[in-house]
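Architecture at a glance
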Amino acid sequence: MTQERGHFGSQIAVILATAGSAVGLGNIWRFPYLTGQDGGAAFLLIYIMSVLVLGLPGMTAEFIVGRHSAANAARAYANLGGRRWALVGYMGVFTSMIILGFYAVVAGWCLQYLVTSLMGQLTGDVASAQRYFAAFSSHPVIPTLWTVTFILLTHAVVTKGVRRGIERASNLLMPLLFVLLLVIVVASCSLPGAMRGIEFLFKPDFSKLSGSVLLDALGQSFFSLSLGTACLCTYASYFSRQTNLLGSAVQIAGVDTLIAILAGLMIFPAAFSVGVNPGSGPSLIFITLPGVFGQAFADMPAVGYVISVLFYALLSLAALTSTISMHEIGTAFFYEELHISRSRGAWIETACCVVIGILCSLSCGAADISVLGKSFLDACDFLTSNILLPLGALLTSIFVGWRIPRQIVRDEFTNWGTLRSRLFGVWLFTVRWVCPVCIVLVFAHQLGLL
């Protein structure tokens, strides 16, 4: 059965939907704590350079594969490179399914914290926040229910299709996310002592630079832009033939980087105003920040309440924009390859992700579910972040740089000669040589070899 494929209706839909796939907890959670750990502004500068060197060429390469084939990831790679290269697409589908499973657990925690904030129960110091998180995350039922709820919310959007589901949701969620972020930034930057946090983010101390900081920045740019997940390839299959691929990549990376910087402006001024270490690590949003908001707005409890609610609403929305794209990768694969309806394809993807999500949630303390000494959630995170994502991005660089006929790559890059191609040579050199080297370095760093 031939499937009718959807398309994004406008360039703004392309930007919002694809930026939404990149914008998520990686920007609002991972970026701030890495910036805090790695010295602030110096890390930010290296991160921006990494986006330019690794992110933009990598994004454009995936766009070329997706738009040229106008098919799900597995078929896209097969169409251009044969059955052997279809394995890259299969790996992307598998990777995105695992990521959605454990990502939904963390997203479910955000929903729980949103409800708890609405009920006014998130006030207190860091110690009480730590006790609350430990008790909640190890509960056998509640976090699992939130995980399943979040996956079903994602399913409800994706099953409606590209125009009525993904595009409409992105057009609503992305502006709302941006407004919420700006409100919290203004409140955070108005606190006493906030200037120290602003200086930390924008005044570089180059003595903080090291090889580890460089590799962390490369890795963050790599993960923040969804490289290696087949997400960009899948979304590009819905692009029109008039879409400027490099120009779209620049706009998407710009939106993604802006939101990461705003996340830093949201967190660092508030943290410095109450003397909290800005490099609190992965526990930042669930343990450190509830106490920060309580202390920072102690004289204005109503404002502290509103900021706490808005913050966890922001996290939930950011997570949803990412899970929608993760879900779509598998949905497109199942309904196109099995020749079934989109609805049935979405239910297969949802069922698989629910199973993974339940196992990940229970492994956080409710049950002893481990792999090679790691909880199931940590094992899924390690497998995707440290192995599958870098491998997928590396193979895509090799595929586009060396396997696809140069003329096809040039035609897609220039929209069949209608766009100037002055940057094509530089871009192709970067994809062939610079990106693979950077990805191998990130790969080795993530595995602890560097």
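Here we summarise the structure given alongside this text. This structure is a prediction, so every number in the text was calculated from the model and none was measured.

Across its full length, the chain carries 18 helices and 2 strands. Over its C-alpha trace the chain gives a radius of gyration of 21 Å, about what one expects of a compact globule, namely 22 Å for 450 residues. Overall, the chain is about 65 × 50 × 45 Å in size when its C-alpha atoms are taken along their principal axes. Within the chain, contacts between residues separated by at least 24 positions form 83% of all contacts whose residues are at least 6 apart in sequence.

Another point: the side chain of Glu328. Its location among the elements puts Glu328 in helix H14 (residues 301-337). Here the side chain of Glu328 touches Arg342 through a polar contact of 2.9 Å, side chain to side chain. Excluding residues that lie within four positions of it along the chain, Glu328 makes contacts with Val158, Ile166, Thr234, Tyr235, Tyr238 and Arg342.

It is worth spelling out the packing of helix H13 (residues 284-296) against H14 at this point. Packing of H13 against H14 leaves a shortest axis separation of 10 Å and a crossing angle of 155°. Taken together, the axis directions place H13 and H14 in an arrangement best described as roughly antiparallel. Viewed along their axes, H13 and H14 form a crossing whose handedness is right-handed. Here Ile285, Phe286, Leu289, Pro290 and Phe293 of H13 lie close against H14, whose contacting residues are Ile307, Ser308, Phe311, Tyr312 and Leu315. In terms of residue class, the contact of H13 with H14 is made up of 9 nonpolar, 1 polar and no charged.

Time to look at the packing of aromatic side chains. Under the definition given, this model contains 25 aromatic pairs. Consider the rings of Phe200 and Phe272, whose centres lie 5.3 Å apart with planes at 45°: the pair is tilted. With a gap of 72 residues between them, Phe200 in helix H9 (residues 194-202) and Phe272 in helix H12 (residues 245-273) connect regions that are remote in the sequence. Both residues of the pair, Phe200 and Phe272, belong to the buried class. Note on Phe413 and Phe424: the rings are 5.4 Å apart at their centroids and 65° apart in plane angle, and the pair reads as edge-to-face. One end of the pair, Phe413, is in helix H17 (residues 406-413); the other, Phe424, is in helix H18 (residues 424-446), and 11 residues separate them in sequence. By the burial criterion, Phe413 is buried, and Phe424 matches it. Through a chain of ring-to-ring contacts, three or more aromatic side chains come together here, namely Trp109, Tyr113, Tyr132, Phe133, Phe136, Phe286, Phe311 and Tyr312.

Next up on the list: the pattern of salt bridges. For the structure shown, the criterion picks out 5 salt bridges. Two residues, Arg75 and Glu337, come together in a salt bridge whose shortest N-O distance is 2.9 Å. Pair noted here: Arg75 is in helix H4 (residues 73-81) and Glu337 is in helix H14, with a separation of 262 residues, a long-range link. Its relative accessible area of 30% is what places Arg75 among the partly exposed residues. A cluster of three or more residues bridged by salt bridges with shared partners is formed by Arg67, Arg241 and Glu412.

Its 21 residues place the ends of helix H15 (residues 342-362) 30 Å apart at the C-alpha level, agreeing with the 30 Å of an ideal helix rising 1.5 Å per residue. Within H15, the full set of buried residues consists of Arg342, Gly345, Ala346, Glu349, Thr350, Cys353, Val354, Ile356, Gly357, Cys360 and Ser361.

Helix length check: H14 (37 residues) gives 54 Å between terminal C-alpha atoms against 54 Å at 1.5 Å per residue, within 8%. Judged by how many residues are buried, H14 sits mostly within the fold: 31 of 37 residues are covered. Looking one or two residues beyond H14, the residue adopting positive phi is His339, at roughly 55°.

The subject of this paragraph is the side chain of Ser375. Within the element layout of this structure, Ser375 appears in strand S2 (residues 374-375). Relative accessible area serves as the criterion here: at 19%, Ser375 is assigned to the buried category. Non-local contacts of Ser375, meaning those with residues more than four positions away in its chain, are made with Ser363, Ile369 and Ser370.

Relative to the helices and strands, Ile198 resides in helix H9. The sequence separation of Ile198 and Ala76 amounts to 122 residues, and the corresponding C-alpha distance is 44 Å. Once residues lying within four places of it in the same chain are set aside, the contact partners of Ile198 are Cys189, Leu265 and Pro269.

Looking now at the layout of surface pockets. Reported here for the largest pocket is a volume of approximately 1,100 Å³. Lining the largest pocket are 41 residues; nearest its centre among them are Trp29, Arg30, Phe102, Asp381 and Ser385. Mapped by element, the contributors of at least two residues to the lining of the largest pocket are helix H1 (11-22), helix H2 (25-37), helix H5 (83-118), helix H6 (126-137), helix H10 (211-224), H13, H14 and helix H16 (376-403). Of the residues contributing to the lining of the largest pocket, the split by class is 22 nonpolar, 15 polar and 4 charged.

Turning our eyes to something else, we now look at unusual backbone geometry. Phi is positive for Asn415, close to 50°, though the residue is something other than glycine. Residue Trp416 is not a glycine yet carries a positive backbone phi of 60°. Here Trp416 shows up in the loop between H17 and H18.

Attention now moves to empty space enclosed by the protein. Counted under the stated rule, the structure contains 3 cavities of 30 Å³ or more. Estimates place the volume of the largest cavity at around 70 Å³. Lining the largest cavity we find Glu62, Tyr77, Val88, Met91, Gly92, Thr95, Gly228, Thr229, Ala230, Leu388, Gly392 and Thr396. Elements with a minimum of two residues in the lining of the largest cavity: H5 and H16. The element contributing the most residues to the lining of the largest cavity is H5, with 4 residues. When its residues are assigned to classes, the lining of the largest cavity shows 5 nonpolar, 6 polar and 1 charged.

Among the surface-exposed residues, Phe382, Val437, Leu441, Leu447, Leu449 and Leu450 lie close enough to one another that they form a single nonpolar patch of about 540 Å² accessible area. Tracing the backbone shows Leu447 in the segment after H18. For Leu447, a relative accessible area of 37% translates into the label partly exposed.

What counts, and where the lines are drawn
Residues numbered from 1 in each chain as written. Predicted model: local features only at pLDDT ≥ 70, side-chain atom pairs only at ≥ 80, totals over all residues. Heavy atoms only, no water. Helix = DSSP H or I, 4+ residues; strand = E, 2+ residues; numbered from the N terminus. Rg over C-alpha atoms; globule rule 2.2 N^0.38 Å. Contact = heavy atoms within 4.5 Å. Polar contact = N/O pair within 3.5 Å; in protein donor to acceptor, adjacent residues only side chain to side chain. Axes fitted to C-alpha atoms, helices over the stretch in contact; angles between N-to-C directions. Parallel < 35°, antiparallel > 145°, perpendicular 65-115°, else oblique. Left-handed = near helix turned anticlockwise from the far one by under 90°. Nonpolar A, V, L, I, M, F, W, Y, C, P; charged D, E, K, R; others polar. Phe/Tyr/Trp six-rings, centres within 6.5 Å; stacked < 30°, edge-to-face > 60°. Buried < 20%, exposed > 50% of the residue type's maximum accessible area, 1.4 Å probe, protein only. Salt bridge = Lys/Arg side-chain N within 4 Å of Asp/Glu carboxyl O. Expected span 1.5 Å × (residues − 1). 1 Å grid on protein atoms, 1.4 Å probe; cavity = no way out; pocket = protein on both sides within 12 Å on 5 of 7 lines; lining within 4 Å. Points joined across faces, edges and corners; volume = space filled by probe spheres on them. Patch = residues over 30% accessible without salt bridge, like charges linked within 9 Å, V, L, I, M, F, W, Y side chains within 5 Å. Areas by Shrake-Rupley, 256 points an atom, 1.4 Å probe, with all protein chains shown as cover.

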